Amino acid sequence: MEAVLAIDSLRKSFSPGFIPRRREILKGVSLEVAPGEIFGYLGPNGAGKTTTLKCLLGLVFPDSGSLTLFGRPHLSLQARQRLGYLPESPYFYDHLTALEFMDFTARLFGIGKKKRQERIAGLLERVGLADAGRTPLRKFSRGMLQRAGLAQALVNDPDLLILDEPLGGLDPIGRKELRDIILEQKKQGKTVFLCSHILQDIEMICDRVAILVSGRVMSSGRLRDLVSEKVVFTEVEISGLKREELAGLGESLAGQEGRVLLKVVGEDKVEEVLALVLRRKGRVHSLLPRTLTLEDLFLDMVKSS
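Here's what I pulled together on the structure shown here. Not measured: the values here are computed from a predicted model.

Definitions and cut-offs
Residues numbered from 1 in each chain as written. Predicted model: local features only at pLDDT ≥ 70, side-chain atom pairs only at ≥ 80, totals over all residues. Heavy atoms only, no water. Pairing = 2+ DSSP bridges. Helix = DSSP H or I, 4+ residues; strand = E, 2+ residues; numbered from the N terminus. Contact = heavy atoms within 4.5 Å. Axes fitted to C-alpha atoms, helices over the stretch in contact; angles between N-to-C directions. Parallel < 35°, antiparallel > 145°, perpendicular 65-115°, else oblique. Nonpolar A, V, L, I, M, F, W, Y, C, P; charged D, E, K, R; others polar.

On to the sheet that holds strand E4 (residues 64-69). If you trace the four strands from one edge of the open sheet to the other, you get E2-E1-E4-E5, paired in antiparallel fashion. Each end of this open sheet is capped by a strand with a single partner; those strands are strand E2 (23-33) and strand E5 (72-73). Bridge count for E4 against E5 is two bridges, and the pairing is antiparallel. Bridge assignment links Thr 68 to a residue of E5, and that residue is Pro 73. The sheet strands contacting helix H1 (residues 49-56) are strand E1 (5-14), E2 and E4, and the helix crosses E1 at an angle near 110°.

This is the structure we're talking about:
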């Protein structure tokens, strides 16, 4: 299947201030996003995620490399009409109400009045702003602006949704609601390109990821291929034993109300801990194997760079 989004050997540099020496931000980024998937684009602050999106959207021009959308050059009008975009820090005309802002956005896509009104009402309802439609955007909280931004990104029913840190400024309920909306897009056959540093959300909803560090893609692929299911260590919470009796069996992480939380590496050590608890007539409250997570992989790559 033809990639919805393809980036090949993308390079971009900037001159900081009046200094003639250029700083290279993107150093040969290459990736492809397949139709109907949620693709996570990860990286620490300053890695080049937003610069990649700006090149893709034509807001800045790359030094070299190629970018295509739906098999067309990324600046073609036919490709851009099928996009929806939510920037990291959205700034809208704050004198407009949410309804006026959405109407303005829909007009840019040439959507007819009747269809425009129906779609706007449905989107504001879906993002939880139905009761705030006549409120000026300047009175919106950060989370409400994120919701309004997502609504405008969906107003043209895009085939490719590009989201830059869409869950920032949201409380846990808001993050859950927006994750559900993103998953709905996938169910409808849409493609989502998601930039974020909130690894928990990425791990919950993304099919594939690419990890960008210092302008280079350090790793990419399906989460189940990148993140091993091998048990790294086991957390055992026990009571009825003194810390001294557990010396050499694991690292004591915490303890309260007579309990000890022990970090144990190796199955043989876990068996020793359980055997000791049995002999001393103690009690095991929990036993949790910990596998390698996306956060572990991400931190290892950032530290190694």
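Turning our attention to the packing of helix H5 (residues 142-154) against helix H6 (residues 172-187). Any two packed helices are characterised by the angle at which their axes cross and by the distance between the axes. Contact geometry for H5 and H6: axes closest at 12 Å, N-to-C directions at 10°. Taken together, H5 and H6 sit at an angle that is classed as roughly parallel. Contacts between H5 and H6 involve Arg 147, Leu 150 and Leu 154 on the former and, on the latter, Gly 174, Glu 177, Leu 178, Ile 181 and Gln 185. Across the contact of H5 with H6, the residue classes tally to four nonpolar, two polar and two charged.

To continue, consider the sheet that holds strand E7 (residues 160-164). Strands sit in the order E6-E7-E8-E3-E9-E10 across an open sheet of six strands; the sheet is mixed. Two strands lie at the open edges of the sheet, namely strand E6 (83-86) and strand E10 (216-222), each paired on one side alone. On average, each strand axis in the sheet is inclined to that of its neighbour by 15°, with strand direction left out of account. Alignment of strand E9 (residues 208-213) against E10, held across six bridges, turns out to be antiparallel. Among the inter-strand pairings, Arg 208 is bridged to a residue of E10, identified as Arg 222. Packing of H5 onto the sheet brings it into contact with E6 and E7, and relative to E6 it is tilted by some 170°. Its contacts with the sheet put helix H10 (residues 294-304) on strand E3 (38-42), E9 and E10, and the angle it makes with E9 is roughly 25°.

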